[in-house]
Amino acid sequence: MTAVDTGLAAEYAAIFAFSAATVHLDGDARDRAEALESEHRTRRDRLLDHYSAAGAEAPAPAAGYDVGVIADAAAAQELLTAVELDVTATWRAGVASSDPEERRLCLDMYAASAVSLAQWRLAIGQAVADPWPGRAE
Amino acid sequence: MFTTRRGLLIGAAAFAAAGCTEQAQITTSDADLTAALRTARALAQGADALGYGEIAEDHRTHAATLERLLRPNTIAEEEAAAPADADALAAAETAGSAEAAESSMTTQSDYAVLFGEIAASRAAHAAVIA
């Protein structure tokens, strides 16, 4: 499994999670969640184009993902924060790739996911500063 | 070469007599690390000047790590011109992100992920400042 395969899997899971959780939100959090779901779909499409251009078959999404019980807005926020952290950590790991093309793609996706993470934290009133986005604490 | 303790001592004395007692010091000066450090310091000053204290702290964290990696070399502090407003700071963050991303792609060292982290952090700053 390549770094891009792993990143694409994280984007599929994020789209699923946003689809399930956004309905529980309102206000700024709802608006940002809708924008971020669209962002994840855009990234997925770019990745699919990458596979297509390389003449390779892209991994398919899973039929479903375990997102737990989303009982209320707080649970939805917690889930989506975890999702954004996971996507950012996944793309960060891909930057270590020794393949220049793969590293470039992972680097672009990593920066985009760090932006998404910061925008999401801002929307739900959390501190946005983070010197090492996606690094395990 | 010196297979006995006595031989080793004689050898050491010979080296000393030849003026070879000074230990070799390996110094590395990574241009990418130096550039990233200068930018981190400038961005920290700019963020502080406009009241973005938490973002300035991120840059100081980057600077501290880069200083540690550059040791024993040291890079002198420089006074940077403060950005005119938030838009100018966001533009500087974006430029700094691009610089670090390029270093991540081209670095000769093992710091591709470090530069990537710095690029991602700066990109996030630019997005929330804008």
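First, a word on scope: everything that follows refers to the structure included in this document. (Residues numbered from 1 in each chain as written. Chains lettered and ligands numbered in written order. Predicted model: local features only at pLDDT ≥ 70, side-chain atom pairs only at ≥ 80, totals over all residues.)

Before going further, it helps to spend a moment on the overall build of chain B. Scanning chain B for helices and strands turns up five helices and zero strands. Listing the helices and strands of chain B from first to last along the sequence gives α-α-α-α-α. Counting all 130 residues of chain B, 38% fall into the buried class. Looking at chain B alone, contacts between residues at least 24 apart form 68% of all its contacts between residues at least 6 apart. (Helix = DSSP H or I, 4+ residues; strand = E, 2+ residues; numbered from the N terminus. Buried ≥ 20, exposed ≤ 12 C-beta atoms within 10 Å, placed from the backbone. Contact = placed C-beta atoms within 7 Å.)

Moving on: the overall build of chain A. When helices and strands are counted, chain A shows four helices and zero strands. Counting helices and strands in the order they occur from the N terminus, chain A gives α-α-α-α. Projected onto the principal axes, the alpha-carbon positions of chain A cover approximately 40 × 35 × 20 Å. For chain A, the residues scored as buried account for 42% of the 137 residues in total. Restricting the contact set of chain A to residue pairs at least 6 apart, pairs at least 24 apart contribute 71%.

Residues and elements named next belong to chain B. The terminal C-alpha atoms of helix H2 (residues 31–49) lie 27 Å apart, and with 19 residues this matches the ideal 27 Å at 1.5 Å per residue to within 8%. Among all positions of H2, only Asp 32, Leu 33, Ala 36, Leu 37, Thr 39, Ala 40, Arg 41, Ala 42, Leu 43, Ala 44, Gly 46 and Ala 47 are buried. For H2, the secondary structure elements touched by its buried residues are helix H3 (53–70), helix H4 (86–106) and helix H5 (112–129). Of the residues trailing H2, Gly 51 is marked for its positive phi of about 85°. (Expected span 1.5 Å × (residues − 1).)

In this complex, chain A contributes 23 residues to the contact, which on the side of chain B involves 21 residues. Looking at which element gives the most residues to the side of chain A that touches chain B, the answer is helix H4 (residues 100–123) of chain A, with twelve residues. Looking at the side of chain A that touches chain B residue by residue, the classes come out as 17 nonpolar, one polar and five charged. (Nonpolar A, V, L, I, M, F, W, Y, C, P; charged D, E, K, R; others polar.)

Residues Tyr 110, Ala 111 and Ala 114 of chain A together with Ala 119 and Ala 123 of chain B are the most contacted members of the largest nonpolar core, which totals 67 residues. Secondary-structure elements contributing two or more residues to this core are helix H1 (3–21), helix H2 (27–54), helix H3 (73–94) and H4 of chain A together with H2, H3, H4 and H5 of chain B. Among the elements that make up this core, the one with the highest residue count is H4 of chain A (13 residues). If near-sequence neighbours (up to four positions away) are discounted, Tyr 110 of chain A is found in contact with Thr 88, Trp 91, Arg 92 and Val 95 of chain A together with Gly 116 and Ala 120 of chain B. (Core = buried A, V, L, I, M, F, W, Y, C linked by C-beta atoms within 7 Å.)

Here we come to the environment of Ala 112 of chain B. Here Ala 112 of chain B is to be found in helix H5. Overall, the presence of 21 C-beta atoms within 10 Å leaves Ala 112 of chain B in the buried class. Spatially, the C-alpha atom of Ala 112 of chain B lies 22 Å from that of Ile 55 of chain B, the residues being 57 residues apart in sequence. Among residues more than four places away in sequence, those in contact with Ala 112 of chain B are Val 95, Ala 96 and Arg 103 of chain A together with Ser 104 and Thr 107 of chain B.

The next point concerns the environment of Gly 51 of chain B. Within the element layout of this structure, Gly 51 of chain B appears in the loop between H2 and H3. Along the sequence, Gly 51 of chain B and Ala 86 of chain B sit 35 residues apart, while their C-alpha atoms lie 9.8 Å from each other.

As a further point, take unusual backbone geometry. Most of the time, phi is negative for any residue but glycine, and the peptide bond is trans. Going from Arg 71 of chain B to Pro 72 of chain B, the amide bond is cis rather than trans, its omega being 10°. Looking at where Pro 72 of chain B falls in the secondary structure, it is placed in the loop between H3 and H4.

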